[in-house]
Amino acid sequence: MRLFDLHCDTITECYLRGCGLKNNDLSISLEKGKYIKNWCQVFALWMKNEYRCQAACDYFDGLYNCFLQEIDKNKNMVSFCTTSDDIKKAIENNKIAAILSVEGGAATAGKIERLRYMYDCGVRLMTLTWNGQCEVACGSDIEGGQGITPFGFEVIREMENLNMIIDVSHLNDIGFYEVAENTTKPFIATHSNSRTIKNHYRNLTDDQFKIIRDRKGIVGLNFYDAFLPDNRENGCDGAFRNLYHFLELGGEDVVAIGADFDGATMCDDLSGIDKMGALYEHFLRMGISESNVKKVFFDNSMEFFARVL
Ligand SMILES: [Zn+2]
């Protein structure tokens, strides 16, 4: 099996708990994922709502150093990729391809130079907000929140200039449409499900999904139990229902995996990287063609990154 996962918070957990990436009790460890033939993993540095301005910069730097140290400690297994050629090379060398993202525009501290600095650090995707308000936009948790701020418009322009991928997961609906209307490149939702399947404001409406599809972006299925249908026993089935609906919307080349490991609570059957083989089998058993399952697990994301990075 090959897996390309668009979102996890594992580095944040390693940093906060002081544990390593190779062996730990988290949902992702390098050892647990060893059975995966080719594994590409986007590691997000998650910006908490508590940190803004200089505190956000310092927090980013702490997380980033933790990421670099973990990559260095495990360089026989993982390689840090900032281009699609790096990803292809990692795969050829049987290494895990690690791609770096930031979850929360607070990491910019309201300065465009800070965005460029993050790009120079190797960050290739940014989720514009987390749940709260930041300098870039308002997250979907804030009732009656505004969309993209004037600085946020500058940020999305510069992200397109730099070729940094815009991630709309966590944005509210106003912000989503402002991104769609004010950008030209493909943008993505790294870890968001369907609002038709589970009516939660963090999930995408059918219209939003189609906009991402038409822009040639991708959408990662999220395994957080609150974003799946209310069956806590069977997360695989909830993931399947989201996948099926997205396929019905013409999402064959759009749906991917964005598990949200180590950032959310999950049903037992989806609770870690070691469960992904069983999910793959579940999708096949439910009648999804093998070529489509491969697309969801790997090919759609690989094709996207090969095209844009
Ligand atoms: Zn998130």
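Before going into details, it helps to say that this report is about the structure given with it.

Basis of the calculations
- Residues numbered from 1 in each chain as written.
- Predicted model: local features only at pLDDT ≥ 70, side-chain atom pairs only at ≥ 80, totals over all residues.
- Helix = DSSP H or I, 4+ residues; strand = E, 2+ residues; numbered from the N terminus.
- Rg over C-alpha atoms; globule rule 2.2 N^0.38 Å.
- Buried ≥ 20, exposed ≤ 12 C-beta atoms within 10 Å, placed from the backbone.
- Contact = placed C-beta atoms within 7 Å.
- Pairing = 2+ DSSP bridges.
- Right-handed = clockwise from strand over helix to strand, strands pointing away.
- Core = buried A, V, L, I, M, F, W, Y, C linked by C-beta atoms within 7 Å.
- Axes fitted to C-alpha atoms, helices over the stretch in contact; angles between N-to-C directions.
- Parallel < 35°, antiparallel > 145°, perpendicular 65-115°, else oblique.
- Left-handed = near helix turned anticlockwise from the far one by under 90°.
- Nonpolar A, V, L, I, M, F, W, Y, C, P; charged D, E, K, R; others polar.

Thoughts on the overall build of the chain
- Across its full length, the chain carries 10 helices and 8 strands.
- The C-alpha atoms of the chain give a radius of gyration of 18 Å, which matches the 19 Å a tight globule of 309 residues would have.
- Its C-alpha atoms put the chain at 50 × 45 × 35 Å along the principal axes.
- When the 309 residues of the chain are sorted by exposure, 51% land in the buried category.
- A sequence separation of at least 24 residues applies to 70% of the contacts in the chain between residues at least 6 apart.

Observations regarding the pairing of strand β4 (residues 96-103)
- In terms of residue burial, β4 counts as a mostly covered element, since 8 of its 8 residues are buried.
- Residues Ile96, Ala98, Leu100 and Val102 of β4 are buried on one face, and the alternating residues Ala97, Ile99, Ser101 and Glu103, pointing to the opposite face, are buried as well.
- In this structure, strand β2 (residues 38-46) lies alongside β4, joined through 7 bridges in parallel fashion. Bridged to Trp46 within β4 is Glu103.
- For strand β3 (residues 78-80) and β4, the ladder comprises 3 bridges, and the chain directions are parallel. Directly across from Val78, in β4, lies its bridge partner Ile96.
- Between the parallel elements β3 and β4, the chain passes through helix α3 (residues 84-92) in a crossover that is right-handed.
- Pairing of β4 with strand β5 (residues 123-127) involves 4 bridges; the strand directions are parallel. Paired with Val102 across the two strands is Met126, which belongs to β5.
- The handedness of the β4 to β5 crossover, carried by helix α4 (residues 112-121), is right-handed.

Some remarks on the nonpolar core
- Ranked by internal contacts, the top residues of the largest apolar core, which has 103 residues, are Leu45, Leu63, Phe67, Ala97, Val219, Ala239 and Ile257.
- Take this core: its biggest share by element is 8 residues, from helix α2 (residues 54-73).
- Not counting the four nearest positions on each side in its chain, Ile257 is found in contact with Leu3, Phe4, Asp5, Leu6, Gly220, Leu221, Val296 and Phe297.

Brief notes about unusual backbone geometry
- Phi is positive for His170, close to 85 degrees, though the residue is something other than glycine.
- Phi at Asp260 is positive, roughly 75 degrees, even though this residue is not glycine.
- Tracing the backbone through its elements, the reader meets Asp260 in the loop between β8 (255-257) and α9 (276-285).
- Residue classification places Asp260 among the buried positions, given that 27 C-beta atoms sit within 10 Å.

Examining the environment of Leu270
- With respect to the element layout, Leu270 can be found in the loop between β8 and α9.
- Separated by 122 residues in sequence, Leu270 and Ile148 have C-alpha atoms that sit 33 Å apart.
- Leave out the neighbours within four places in its chain, and Leu270 touches Phe223, Gly235, Cys236, Ala239, Lys275 and Leu279.

Let's talk about the packing of α4 against helix α5 (residues 150-162)
- It is the contact of α4 with α5, at a shortest axis distance of 10 Å, that shows an interaxial angle of 30 degrees. When the axes of α4 and α5 are compared, the pair comes out roughly parallel. Seen along the crossing, α4 lies across α5 with a hand that is right-handed. Contact residues: Ile112, Leu115, Arg116 and Tyr119 in α4; Glu154, Val155, Glu158 and Leu162 in α5.
- Residue classes in the contact of α4 with α5 are distributed as 5 nonpolar, no polar and 3 charged.

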